[in-house]
Amino acid sequence: MNKRIVILGAGESGTGAAILAKKEGFDVFVSDLSTIKPKYKEMLETRGIRWEEGQHTESDILNADEIIKSPGIPDKAPIIKKLKEQGTPIISEIEFAGRYTDAKMICITGSNGKTTTTLLTHHILTSAGIDAGLAGNVGNSLALQVAETPHPVYVIELSSFQLDNMYKFKADIAVLLNITPDHLDRYNYEMQNYVDAKFRIIQNQTSDDAFIYWNDDPIISREVKKRCPKATLYPFAETYEEGVKAYTENKQIIVNTEKGTFTMEQDLLALQGKHNLYNSLAATISSKIMELRNEKIRASLMNFAGVEHRLEKVARVRGVEYINDSKATNVNSCWYALQSMTTPVVLILGGTDKGNDYSEIEALVKEKVRALIFLGVDNNKLHNFFDGKVAQISDARSMEEAVNQAYRVAQKGDTVLLSPCCASFDLFKCYEDRGEQFKACVRNL
């Protein structure tokens, strides 16, 4: 009898996992508590995969030999609790896909910057002629690609939720950009639980593998000393210190690996700002380990177009710049955005709080922000923290209201910045929906 695999969640990762499981001969069933998008229904239907939506039928789920869980489903979900109680193995789509490929895996995580770094690394590799797939939180499902369009190399953005259910999967090149408080609601509000999840990216690595990390991050440097990773270490930093492989000096970026040295004028980087400097250093180290030629890396670092919803310039209206940073779903992302601002700011904040500590941005808000607009269903925590610290504070219940308020208070030479610090699910479908609404409202001014 065929081994039975049940997939919980029929989004990009779940549908891809189902297609790979079917291809590998498993008895497959897909269950989603929400409505499945028509695109994914069609993908399941055309391959003869059973599915259900709007419910979890326990008789069809609890008899699974193994569960592949969508990263969005928390461990406290009732069906997950029941599966754990009976000892059913629960894995992620990435873990499952890794069993059926021997491709080289470049895996990128961090609280901030991982999408930019993943897309930049993929851009450098493909521009240099490498057949690389893009997977994880961006691109198509890794499992789907392994099943139907396999590549010899994958660049994978990994969230802590994906890493939680990965056990035997191994990154050939692991990149850890930074660790700041995020998603603490999923980790019992214990920072160390979140840190442990991020460090799963180096599990199973050997001395043949590479671990690239930001040396100036106090949490990462402490954990590296504690854990003594087996992989070859490639720390990067803003300025040179002993052991650092990539840094800046005299307005140049310098990357040293056993594959050679790469240098480039900092001003020529397509991505500007300190946080993007770190993203560029990490991507360059990966590219050098992959033995790409310096001129190919340089060209890609100069022509990379950036990431939608991450410090995305939308328009200039009556002398005011509008910037969409909807992807800033945690406080540290907003800190990076504010740090890069050179004009007075009207800041739009708010959404679903994930255990945020706003003290991290307090000094920058006091220094740079002219007005705050709280965009959320419940703004009490924001008011409790920021009231009295900024002269103008108002509330908005829709994006149109928020943008119109910003338009009224912004002065010529200001920047209106949507950098919410929070998840989007109180008023929007997702951070992309929030960003698209912001752009549409700005263009209607």
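The text that follows walks through the structure, step by step, so that each part is easy to find.

What to know about the nonpolar core
At step 1: By size, the foremost hydrophobic cluster in this structure holds 51 residues, and its most contacted members are Leu142, Ile156, Phe199 and Phe211.
At step 2: In this view, isoleucine 156 contacts Ile94, Met105, Ile106, Cys107, Ile108, Thr118, Ala135, Gly136, Leu142 and Phe169; residues no more than four positions away in its chain are not counted.
At step 3: The next biggest cluster of nonpolar side chains, apart from the first, holds 36 residues, and it includes Ile106, Leu269, Leu281 and Leu301.

Regarding helix H6 (residues 114-127)
At step 1: Between its first and last C-alpha atoms H6 spans 20 Å; for 14 residues at 1.5 Å apiece the expected length is 20 Å, and the two agree.
At step 2: Most of H6 is tucked away: ten of the 14 residues are buried.
At step 3: Where H6 is buried, its residues touch strand S6 (104-109), strand S7 (132-136), strand S8 (153-157), helix H9 (191-198), helix H11 (274-289) and helix H12 (294-303).
At step 4: Of the residues one or two after H6, glycine 129 is the one with positive phi, at around 95°.

Focus: the side chain of threonine 15
At step 1: Examined against the element boundaries, threonine 15 turns out to sit in helix H1 (residues 12-23).
At step 2: You can call threonine 15 buried: its relative accessible area is 1%.
At step 3: A polar contact is formed between the side chain of threonine 15 and the backbone oxygen of glycine 11, at a distance of 2.8 Å.
At step 4: Look past the residues within four positions of threonine 15 in its chain and what remains in contact with it is Gly9, Ala10, Tyr40, Met43 and Leu44.

Comments concerning the layout of surface pockets
At step 1: In this structure, the second largest pocket encloses a volume near 560 Å³.
At step 2: Forming the boundary of the second largest pocket are 26 residues, of which Gln272, Leu311, Lys313, Ile323 and Ser340 lie nearest the centre.
At step 3: Mapped onto the lining of the second largest pocket, the elements with two or more residues apiece are H11, strand S15 (312-317) and strand S16 (320-324).
At step 4: Ranked by the residues each element gives to the lining of the second largest pocket, the list is headed by S15, at three residues.

Describing empty space enclosed by the protein
At step 1: Applying the stated criterion to the full structure yields two cavities of 30 Å³ or more.
At step 2: Taken as a whole, the largest cavity encloses approximately 140 Å³ of empty space.
At step 3: Along the wall of the largest cavity there are 16 residues; nearest its centre are Asn112, Gly113, His275, Asn279 and Tyr336.
At step 4: Among the elements of the structure, H11 and helix H13 (331-339) are those that each provide at least two residues to the lining of the largest cavity.
At step 5: Each residue belonging to the lining of the largest cavity can be placed in one class, and the counts come to six nonpolar, eight polar and two charged.
At step 6: Taken as a whole, the second largest cavity encloses approximately 60 Å³ of empty space.
At step 7: Every residue lining the second largest cavity is listed: Cys107, Leu158, Leu163, Met166, Phe169, Ala171, Arg200, Ile201 and Gln203.
At step 8: Partitioned by chemical class, the residues of the lining of the second largest cavity number seven nonpolar, one polar and one charged.

Here we look at the sheet that holds strand S3 (residues 50-53)
At step 1: Strands sit in the order S3-S2-S1-S4-S5 across an open sheet of five strands; the sheet is parallel. Each having just a single partner strand, S3 and strand S5 (90-91) make up the two edges of the open sheet.
At step 2: In this structure, strand S2 (residues 27-32) lies alongside S3, joined through four bridges in parallel fashion. If you follow phenylalanine 29 over to S3, its bridge partner there is arginine 50.

Some remarks on the packing of aromatic side chains
At step 1: All chains considered together, the criterion is met by twelve aromatic pairs.
At step 2: Consider the rings of tyrosine 358 and phenylalanine 385, whose centres lie 6.2 Å apart with planes at 50°: the pair is tilted. Separated by 27 residues along the polypeptide, tyrosine 358 in the loop between strand S17 (345-349) and helix H14 (359-368) and phenylalanine 385 in helix H15 (residues 380-386) bring together distant segments of the chain.
At step 3: Given a relative accessible area of 2%, tyrosine 358 falls into the buried group.
At step 4: Ring pairs connect the aromatic residues Tyr358, Phe374, Phe385 and Phe386, which therefore count as one cluster.
At step 5: Residue placement shows lysine 389 over the ring face of phenylalanine 385; its charged tip is 3.7 Å from the ring centre.

Digging into the side chain of aspartate 325
At step 1: Relative to the assigned elements, aspartate 325 resides in the loop between S16 and H13.
At step 2: Among the residues examined, aspartate 325 registers a relative accessible area of 0% and is labelled buried.
At step 3: Excluding residues that lie within four positions of it along the chain, aspartate 325 makes contacts with His309, Arg310, Leu311, Ser333, Ala337, Leu417, Leu418, Ser419 and Pro420.

Points about the environment of glutamine 411
At step 1: Inspection of the secondary structure puts glutamine 411 in the loop between helix H16 (399-409) and strand S20 (415-418).
At step 2: Linking glutamine 411 and arginine 370, residues 41 residues apart in sequence, is a C-alpha distance of 9.5 Å.
At step 3: In this structure, glutamine 411 is in contact with Val320 and Arg370, ignoring residues within four places of it in sequence.

Each value, and the rule that gives it
Residues numbered from 1 in each chain as written. Predicted model: local features only at pLDDT ≥ 70, side-chain atom pairs only at ≥ 80, totals over all residues. Heavy atoms only, no water. Core = buried A, V, L, I, M, F, W, Y, C linked by side-chain atoms within 4.5 Å. Buried < 20%, exposed > 50% of the residue type's maximum accessible area, 1.4 Å probe, protein only. Contact = heavy atoms within 4.5 Å. Helix = DSSP H or I, 4+ residues; strand = E, 2+ residues; numbered from the N terminus. Expected span 1.5 Å × (residues − 1). Polar contact = N/O pair within 3.5 Å; in protein donor to acceptor, adjacent residues only side chain to side chain. 1 Å grid on protein atoms, 1.4 Å probe; cavity = no way out; pocket = protein on both sides within 12 Å on 5 of 7 lines; lining within 4 Å. Points joined across faces, edges and corners; volume = space filled by probe spheres on them. Nonpolar A, V, L, I, M, F, W, Y, C, P; charged D, E, K, R; others polar. Pairing = 2+ DSSP bridges. Phe/Tyr/Trp six-rings, centres within 6.5 Å; stacked < 30°, edge-to-face > 60°. Lys NZ or Arg CZ within 6 Å of the ring centre and 35° of its normal.

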